[in-house]
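# Survey of secondary and tertiary structure
Here's the letter readout for the chains.
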There are 2 protein chains.
Amino acid sequence: MATINSNYQKLPGSYLFSEVARRISVYAQAHPERKIIKLSIGDVTRPLVPAVTDALHAAVDEMGRAETFRGYGPEQGYAFLREAIVAYDFQRRGVNIQPDEVFISDGAKSDCGNIGDIFGADNKVAVCDPVYPVYVDTNAMAGRAGDYDAQAEKWTNLYYMPTVAENGFAPALPTEPVDLIYICSPNNPTGTVLTKDQLKVWVDYANANDAVILFDAAYEAFIEEDNVPHSIFEVEGAETCAIEFRSFSKTAGFTGTRCGYTVVPKALVRDGVSLNGMWNRRQSTKFNGTSYIIQRGAAAVYTEEGQRQIMENIAFYKQNAKVIYDGLQKAGLEVYGGKNSPYVWAKTPDGMPSWDFFDKLLEEANVATTPGAGFGPSGEGYIRFTAFGEAEATVEAVERIVALLNK
Amino acid sequence: MATINSNYQKLPGSYLFSEVARRISVYAQAHPERKIIKLSIGDVTRPLVPAVTDALHAAVDEMGRAETFRGYGPEQGYAFLREAIVAYDFQRRGVNIQPDEVFISDGAKSDCGNIGDIFGADNKVAVCDPVYPVYVDTNAMAGRAGDYDAQAEKWTNLYYMPTVAENGFAPALPTEPVDLIYICSPNNPTGTVLTKDQLKVWVDYANANDAVILFDAAYEAFIEEDNVPHSIFEVEGAETCAIEFRSFSKTAGFTGTRCGYTVVPKALVRDGVSLNGMWNRRQSTKFNGTSYIIQRGAAAVYTEEGQRQIMENIAFYKQNAKVIYDGLQKAGLEVYGGKNSPYVWAKTPDGMPSWDFFDKLLEEANVATTPGAGFGPSGEGYIRFTAFGEAEATVEAVERIVALLNK
């Protein structure tokens, strides 16, 4: 008799963004005349840049001719892309990462989820609170999270690190031993960042305790401040304690095109075993490489033209973030993030529950957001805005919110 | 202290195709003047067909324009592709599969590997012997295989089903209870098939024992005989006991383009839980959909033009298979497969060990093959040829082998 992975039965029903979408849909159906502006999901809206589409077209042509056709590629990704990544994302910043430490994938979500395969089921996992739900759910599926306590809105065996205004969005070191530590900077959902000095504290902790930091740098392209590292490997000692996830989703608008990569340094060893070798084995056994066509598109991001074009899009989104940040401040809210990030994180007025504030903004300003409580208990009392909309619509949404809250 | 998944340490070192590639490379370096013809790895060589490249180009253009740009798509795949699959691959054959039972992925290897996520670690796994190594290795990684016995070349906790000439390549039902049963038809590596009646025996067994059949149909496009099902769901009762993996890799030359799909019927329930819902949760949590561009390319396979074009390629490879089959027979070998499959499976002459025969063909005929022993102990004494080469090179390779063996 086949048995199921019973951990799946412990997962609470609805995924945050499904519930957000459901409420928007219910409201929209009841009020078809209202124009709802979505500042909710973290999905880009600007098209792929010409450097990328040119490269994609060229790769499609290659695949259509016998002389240039490519079948199975290396499971780890093509050298042309791994080398471009190393040169541009690491060596240019003085970070000594080698191409065989870079694994190309179909996106950071897959890698963030699959990385658990190489770790024991007994590891104690620490997550920020609020948190990107994928870190939590994938560990729950693997049996590392214990049981879900619906009352506390927490898993019994996860270690939650409050990341809130009161600690400047820099979580305190754990007070009990933890083994796997998820850190996301620039952070989703808070839009805040950890400086190099703040990250150094975590690197030192992980090295001292043989923990592993799972560092999500999906939003690094939005960083503008010098003391904020784009990669955890800019921090001394990280190569013996960290794995880094990168994505072309927000950097180059690849959310629907799908490409990311993961860095596993060869110096990262646990139980006497190289995690680079383990991830290599995992990927060569359970993955067959990212589409050649898409890898060519990703490589074009690293050309001079590609960089100029994607940075224009980033600047566009950052201008939206500034509009949201300034507007919400004007509306009297306490506002965070938005500077090195496409996310703006705001305290709800008068301690209003975040789902209530979500409903208020949806119904009275026709602006869709994401309630902080959906990201974890310490997200209660906050709300997330994303800068990925159109410029005019973003301005209009903010004007509506300012008008509503200053009423 | 972070711990690793210690099951990885049990995996024997070298992956079959790496060892094949290594021996070819060593020989080629020592004899740079020899022209080695590869009939070894199951990788296509014909370019993508025009219907597919046209669709890919159009999708790239869509992604380059703001009005038609697509960000995150459904994790399960776009409706246009799921519906085309259902209409063409299932309903046309009278099989009642619905679009929400079809999950688009980046390829069958990922799905064959990841499907284990939704099952308990305590399931007893049955595999054919010889076998596609991914089924074995992924279960070993998940702790279902026990320990590797290097002497027996078997895992202590897997149930091996010899699939050999003596039983007509139709494995016998297990003599002890098994829970998850991998069946691949047309088979890799043997190139043989199970008829509808033969598959019905397995479906009845699985239903009677609440087992689950994991059916790999990656080579279905090569089927030409009427009594060989293209899908296990053509067999009555399969919807309550089977999951099916499909791929565009061999069907449409997508080995480097990456797209496949998995069918999990809603009627498939174990421990009182719908496996369709579990796989949906797994994919929405650990996967973010296949590239929109690639899905458009895959959908073009189902147009009238696309079908005509891909069937020309299939016919091309099938002609190669016939050349290999007939030639090996002429050379005096016992030959199997090759009819509904791109693989030809032959007994080595005089019971020669398969790695020895591999070396002999490489060194004396300069033809690369894959030794049967690499696929499992019952593959010993066999050798695999693939039909994915160029027509002229295939003819030449076969002539060399005939000359060598008739010497």
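Residues numbered from 1 in each chain as written. Chains lettered and ligands numbered in written order. Predicted model: local features only at pLDDT ≥ 70, side-chain atom pairs only at ≥ 80, totals over all residues. Heavy atoms only, no water.

This part takes up the sheet that holds strand β13 (residues 335-337) of chain B. Residues and elements named next belong to chain B. Here four strands make up an open sheet; going across it, the order is β13-β14-β17-β16 and the pairing antiparallel. Of all strands in the sheet, those with a lone pairing partner are β13 and β16 (370-371), marking the two edges. As defined by bridge partners, strand β14 (residues 343-347) adjoins strand β17 (residues 382-386) across five bridges and the pair is classed as antiparallel. Each bridged residue has a counterpart across the sheet, and for W345 the counterpart in β17 is R384. (Pairing = 2+ DSSP bridges. Helix = DSSP H or I, 4+ residues; strand = E, 2+ residues; numbered from the N terminus.)

Its 14 residues place the ends of helix α2 (residues 50-63) of chain A 20 Å apart at the C-alpha level, agreeing with the 20 Å of an ideal helix rising 1.5 Å per residue. With 10 of 14 residues buried, α2(A) is to be regarded as a mostly interior element. Buried residues along α2(A) sit against α9 (292-300) and α10 (304-330) of chain A together with α2 (50-63) and α9 (292-300) of chain B. (Expected span 1.5 Å × (residues − 1). Buried < 20%, exposed > 50% of the residue type's maximum accessible area, 1.4 Å probe, protein only. Contact = heavy atoms within 4.5 Å.)

Before going further, it helps to spend a moment on the relation of the copies chain A and chain B. Superposing the two chain copies requires a rotation about an axis and a translation along that axis. Rotating chain A by 180° about the axis while translating it 0.0 Å along that axis superimposes it on chain B, leaving an RMSD of 0.0 Å. Viewed as a symmetry operation, the transformation between the two copies matches a two-fold axis. For chain A, the minimum C-alpha distance to the rotation axis belongs to A:H57 and amounts to 3.0 Å. A share of 100% of interface residues in chain A that are also interface residues in chain B marks the association as one of identical surfaces. (Least-squares fit on C-alpha atoms with pLDDT ≥ 70 in both.)

In this section: empty space enclosed by the protein. A water-sized probe rolled over the atoms picks out the places where empty space is left. Scanning the model with the defined rule gives 11 cavities of 30 Å³ or more in all. Within this model, the largest cavity holds a volume of roughly 140 Å³. In terms of lining residues, the largest cavity is bounded by 18 residues, among which A:N114, B:D106, B:S110, B:N114 and B:F287 are the most central. Counting residues per element, the ones that place at least two in the lining of the largest cavity are α4 (108-114) and α8 (275-286) of chain A together with α4 (108-114) and α8 (275-286) of chain B. When grouped by side-chain class, the residues that make up the lining of the largest cavity number two nonpolar, eight polar and eight charged. As a volume, the second largest cavity reaches approximately 100 Å³. Split into classes, the residues belonging to the lining of the second largest cavity amount to three nonpolar, seven polar and four charged. (1 Å grid on protein atoms, 1.4 Å probe; cavity = no way out; pocket = protein on both sides within 12 Å on 5 of 7 lines; lining within 4 Å. Points joined across faces, edges and corners; volume = space filled by probe spheres on them. Nonpolar A, V, L, I, M, F, W, Y, C, P; charged D, E, K, R; others polar.)

Residues and elements named next belong to chain B. Structurally, S341 is set in the loop between β13 and β14. A polar side-chain atom of S341 sits 2.9 Å from the main-chain amide nitrogen of Y343. Once you skip the residues sitting within four places of it in the chain, S341 turns out to touch P186, N187, G191, F222 and A321. (Polar contact = N/O pair within 3.5 Å; in protein donor to acceptor, adjacent residues only side chain to side chain.)

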